[in-house]
Every structure is written in structure tokens, then in C-alpha cells.
Number of protein chains: 2
Amino acid sequence: MSSDIFENPVNTREEILAATYRTLRDRGYADLTMQAIGEELDQSPSLVYHHYEDKDALVLACLEYLLEHFRDEYSYETIDDPRERLEEVVDWCFGTADADDDRQPFVRTVLELRVQAIHDPAYRAHFTRSDQVFAETIAAIIRAGIDTGDFRECDPNAVAETLQTVFFGMISRLFSTDADGWAEAVSNEVELYLDSRVYAT
Amino acid sequence: MSSDIFENPVNTREEILAATYRTLRDRGYADLTMQAIGEELDQSPSLVYHHYEDKDALVLACLEYLLEHFRDEYSYETIDDPRERLEEVVDWCFGTADADDDRQPFVRTVLELRVQAIHDPAYRAHFTRSDQVFAETIAAIIRAGIDTGDFRECDPNAVAETLQTVFFGMISRLFSTDADGWAEAVSNEVELYLDSRVYAT
């Protein structure tokens, strides 16, 4: 979803965040500078400084913008087909491991930013909040499935946290190794886990 | 296990690697310099340069040394109690999430080095090999359990890769967020997964 959000920026702030997203995706965190954002916008860096005090304020605003968009789009009032929805989430996660997946450059940058969060409380606060939003979104699908009888009685939050942890482990291994085959094997095990633990027979 | 390995270095090379381990653990990758290793050893940095050409050669030698030690210690000829052994592995992994765990500083550094591996083929080659060694070690335990009838017929390699992926996801989330409770919930889900997928009833 990420890339589409920034397709039609409606004001200068959104234009800057769109340029930040593209620069993060194409160059990574280390090579993101206020100058580079300015170039991406065909503007002077002073325009960027007028809106954001430094690089990290900009990156965090971009991440927050993406998170809010995710929350708006995926916080359903009703979930008609919980199993289909959960399969979509799992497919979305494991799709990232596909070498042709065009989200890879941005997901790789998110991994870099997670390491940034080790030493930076502002990034840590963001990722704490974003893990919470993702877990709540997945848990809501599982609760809906239990209510409709499509899913077994299980701990929706624990299952959601587990899926999220597998996803971040996958990202961490994906970009730090050249091994292949393992992501498909893990995806199969996750399906077997959902079959035995979540989906009603 | 890591810290004990370096307790009694038998030669200069092992002394340097021990100092590298302690410096990585205490200062992280960014603050590791040849100078800092020299200080840790009460020696001139030229001694360090005599053995290793640069910081990354040193860090990689330290990681390789740890991996070889792990391989020697955990590549059993016989596995008497596969279930007990697998529980040990899982407890070891999830023990890392305990705030009092004294391995945390080094594990956090490993996370930093995994991000280093995004742009550095030598680190990527190391982590490719180390993931393979860990997966093979866990898979051997699972194969042993299938042979003894303690475990169900399952895909040992896929289960091993899944446990490893959960572990790296846990590390990634552990140091990039301030959230708590989730690691315990995930640990419980992993037990339920092993109950339904691996352990014979």
C-alpha cells in the first residue's frame, strides 16, 4: 500500500513527506539528507527546513503518516470474512520475501530505522506505537473470526503478536543473508500453525 | 554461552577476539575502533593491526569464532532426550527477552551487525552461514525426536527455520520498542505450536 499513499499529495507537507518516502526507499536512511529531499522536490532545502527541523523529524513524520494511513485503511468496523482477511495479511507479509516485490527497498529501510531506534527514544516511541497498531489490527480480525465461529477459541492478541514477530524476523533475515528457500518453508509452517491453532476445522 | 568462551584466551589471537567481544558488547559496533580494542588489551593498536587489517576483519573473526564454538558445542553425535533439548533451545531464545538477561548487550549488537550486512557482502556471507548452522543444529534435534518417536512426522528444517525466524523477530522488536508482555505471549504461542506440530501426544 505504501507507495500509492503518496501518489497525489494535496499540500506542501504531503509533497515533502512523499519526497521523503521516495528518498528513503531509493537511498536508505544513511544517505537521506535535507538537501536530497530538496533535490527530489526541485526546491531549496530551506523549504524543507521551514517545515521540519531536521532529518529525523522528517523521517518520523513520514513513518507516522504511513501508520495513520494504515490505521484508517485497515481498522474495519465490520470484517465480513475473517479467514480471507487473515490470509490477506499473511500473504502480504510473506509477499515481502519475494525478490520481485517492489516494497523490498522500503521494508529494508524500516529495518535500518529499527536499529536506529536502539539508541533513539523518538524512533523507539514510534515503533512501540506502530507494533501496537499492527497487533491490534490483526487481533481484531481474529476476534471477529472467533465471534463468527470461523476461528477457534484462542488468544487473539498472542496470535497477532506471533504473526508480527515472524514478519519482523523474516525481514531481519531477508536482508542480512543470501539464503533462500527458508522463507517459503516458514510461510508453510505459519499456515500449519494457523490451521491447528486458529482456523476452526 | 558466548561470554564464557572468552574467559581463558590461550594466545594473542584469542585475547584480541575476547577484547573485541567485550568491546562490541559494551560499546556496540559504531564505537568499536582498533584503538578501543588496544585499550581493552592494554596494548598499542599496532598489535591489533598486526593480526587484523581493519575493524570489520576483527568483528567477522570474532563472529566466526563464536559460531565455530557454537557448532562444536551443539553438534551432538547423539541426542538422548530430544524434547528436553528442544525446550532448552526455546528457553535460551526467549530468555533473551528477559530484561535481566546478561546476553542482551551482545544480542543487540548482533542486530546492528545484521543491518550492516544489508550493504556488506562479507557480513552477509557470515550471517548466511550462521543461520544455516543454527537451522541445522535445531533440525538435527527434531530429526532425532522423530526417530525416537518423541516427535510427530514434521518437516525438521521448516520447523527449525520457523523457530529461528521467531527468534530474530523477537530480537528486532525487543530493542526497537518499549512494549512489554508481547514476548511472553509469543513464547506461549510457540509452545502451543510445538505441542500441535512437533511433540507427539
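Keep in mind that what you see is a predicted model, and the values were worked out from it rather than measured.

Draft legend 1. Expanded view of the nonpolar core. Grouped together as the largest cluster of nonpolar side chains are 70 residues, with contacts concentrated most on L86(A), L194(A), L86(B) and L194(B). Setting aside chain neighbours within four positions, we find L194(A) in contact with L86(A), V90(A), V159(A), L163(A) and Y199(A).

Draft legend 2. Layout of empty space enclosed by the protein. Evaluation of the coordinates by the stated rule reveals 4 cavities of 30 Å³ or more. Along its surface, the largest cavity is lined by T162(A), V166(A), E189(A), V190(A), Y193(A), T162(B), V166(B), E189(B), V190(B) and Y193(B). Secondary-structure elements contributing two or more residues to the lining of the largest cavity are helix 9 (156–176) and helix 10 (182–197) of chain A together with helix 9 (156–176) and helix 10 (182–197) of chain B. Considering only residue class, the lining of the largest cavity consists of 6 nonpolar, 2 polar and 2 charged. Taken as a whole, the second largest cavity holds about 60 Å³ of empty space. Lining the second largest cavity, in full, are V89(B), V90(B), C93(B), F94(B), I138(B), L163(B), V166(B), F167(B) and V190(B). For the lining of the second largest cavity, the element with the most residues is helix 6 (residues 82–95) of chain B, which contributes 4 residues.

Draft legend 3. Representation of the interface of chain A and chain B in the model. Taken together, the contact pairs 39 residues of chain A with 39 residues of chain B. A combined buried area of about 3,400 Å² lies between chain A and chain B, and 61% of that area is made up of carbon and sulfur atoms. Interface area lost by chain A to chain B is led by T165(A), R173(A) and E189(A), which between them contribute 18%. For the interface between chain A and chain B, the tally reads 8 salt bridges. Residue R197(B) is joined to E189(A) by a salt bridge in which the shortest nitrogen-to-oxygen separation is 2.7 Å.

Draft legend 4. View of the side chain of R173(B). With respect to the helices and strands, R173(B) occurs in helix 9. Dropping the residues within four chain positions of it, R173(B) is found in contact with R114(A), D131(A), E161(A), Q164(A), T165(A), F168(A) and W182(B).

Draft legend 5. Main features of the packing of helix 6 of chain B against helix 8 (residues 121–148) of chain B. All names here are of chain B. Relative to each other, helix 6 and helix 8 sit at 155°, their axes nearing to 9 Å. With respect to each other, helix 6 and helix 8 are oriented roughly antiparallel. For helix 6 against helix 8, the interelement crossing comes out left-handed. Across the interface between the two elements, P82, R85, L86 and V89 of helix 6 pack against I138, I141, I142, A144, G145 and T148 of helix 8. Among the residues forming the contact of helix 6 with helix 8, the class breakdown is 7 nonpolar, 2 polar and 1 charged.

Draft legend 6. Here's a closer look at the relation of the copies chain A and chain B. Each copy of the sequence occupies a distinct position, and chain A is placed on chain B by a rotation of 180° and an axial shift of 0.0 Å, giving an RMSD of 0.0 Å. Each copy turns onto its partner about a two-fold axis. Within chain A, G169(A) has its C-alpha nearest the rotation axis, a separation of 1.6 Å.

Draft legend 7. Seen up close, the confidence of the model for chain A. Confidence in the prediction of chain A, expressed as mean pLDDT, is 93, and 99% of residues score 70 or more. Considering each helix and strand of chain A separately, the mean pLDDT is smallest for helix 1 (residues 2–5) of chain A, with a value of 66, and largest for helix 9 of chain A, with 97.

Draft legend 8. Seen up close, the packing of aromatic side chains. All names here are of chain A. According to the stated counting rule, one finds 19 aromatic pairs over all chains in the structure shown. One aromatic cluster is present, formed by F6, Y21, Y65 and F106 through successive ring pairs. For the cation-ring pair, K55 lies above Y29, with the distance from its terminal atom to the ring centre recorded as 4.0 Å. Just above the ring of W182 sits the side chain of R173; from NZ or CZ to the centre is 4.2 Å.

Draft legend 9. Geometry of the UniProt feature "DNA-binding region" (unreviewed entry) in chain A. Under the UniProt annotation, "DNA-binding region" (unreviewed entry) lies at residues 33–52 of chain A. The span residues 33–52 of chain A is 75% helical and 0% strand by assignment, and the distance between its end C-alpha atoms comes to 12 Å.

Draft legend 10. Representation of the UniProt feature "domain: HTH tetR-type" (unreviewed entry) in chain A. Those places that UniProt annotates as "domain: HTH tetR-type" (unreviewed entry) correspond, in this numbering, to residues 10–70 of chain A. Its end C-alpha atoms 18 Å apart, residues 10–70 of chain A is made of 77% helix and 0% strand.

Draft legend 11. Quick peek at the domain arrangement of chain A. Residue and element names in this part refer to chain A. Assigned domains within chain A: domain 1 (1–61) and domain 2 (75–201). Between domain 1 and domain 2, the contact holds 9 residues from the first and 11 residues from the second. A combined buried area of about 960 Å² lies between domain 1 and domain 2, and 66% of that area is made up of carbon and sulfur atoms. Considering only the side of domain 1, the residues that lose the most area to domain 2 are R25, Y29 and L60, jointly responsible for 52% of the buried surface there. Joining domain 1 to domain 2, the criterion identifies 0 salt bridges. The set of elements that each furnish at least two residues to the side of domain 1 that touches domain 2 consists of helix 2 (12–27) and helix 5 (55–74). A class-by-class count of the residues in the side of domain 1 that touches domain 2 yields 6 nonpolar, 1 polar and 2 charged.

Draft legend 12. Broad picture of the pattern of salt bridges. All names here are of chain A. Summed over all chains, the structure comprises 24 salt bridges over all chains. Between R71 and E68 there is a salt bridge; the shortest N-O distance is 3.7 Å. Placement of both R71 and E68 in helix 5 is noted, with a separation of 3 residues, approximately one turn of the helix. For R71, a relative accessible area of 30% corresponds to the partly exposed category. By relative accessible area, E68 is classed as partly exposed at 30%. Members of the salt-bridge network, linked through shared partners, are E64, E68, R71 and R129.

What counts, and at which threshold
Residues numbered from 1 in each chain as written. Chains lettered and ligands numbered in written order. Predicted model: local features only at pLDDT ≥ 70, side-chain atom pairs only at ≥ 80, totals over all residues. Heavy atoms only, no water. Core = buried A, V, L, I, M, F, W, Y, C linked by side-chain atoms within 4.5 Å. Buried < 20%, exposed > 50% of the residue type's maximum accessible area, 1.4 Å probe, protein only. Contact = heavy atoms within 4.5 Å. 1 Å grid on protein atoms, 1.4 Å probe; cavity = no way out; pocket = protein on both sides within 12 Å on 5 of 7 lines; lining within 4 Å. Points joined across faces, edges and corners; volume = space filled by probe spheres on them. Helix = DSSP H or I, 4+ residues; strand = E, 2+ residues; numbered from the N terminus. Nonpolar A, V, L, I, M, F, W, Y, C, P; charged D, E, K, R; others polar. Buried area = accessible area lost by both parts, 1.4 Å probe. Salt bridge = Lys/Arg side-chain N within 4 Å of Asp/Glu carboxyl O. Axes fitted to C-alpha atoms, helices over the stretch in contact; angles between N-to-C directions. Parallel < 35°, antiparallel > 145°, perpendicular 65-115°, else oblique. Left-handed = near helix turned anticlockwise from the far one by under 90°. Least-squares fit on C-alpha atoms with pLDDT ≥ 70 in both. pLDDT = per-residue confidence, 0-100. Phe/Tyr/Trp six-rings, centres within 6.5 Å; stacked < 30°, edge-to-face > 60°. Lys NZ or Arg CZ within 6 Å of the ring centre and 35° of its normal. UniProt positions renumbered as here; feature names shortened; annotations may be inferred. Domains from an automatic or database assignment.

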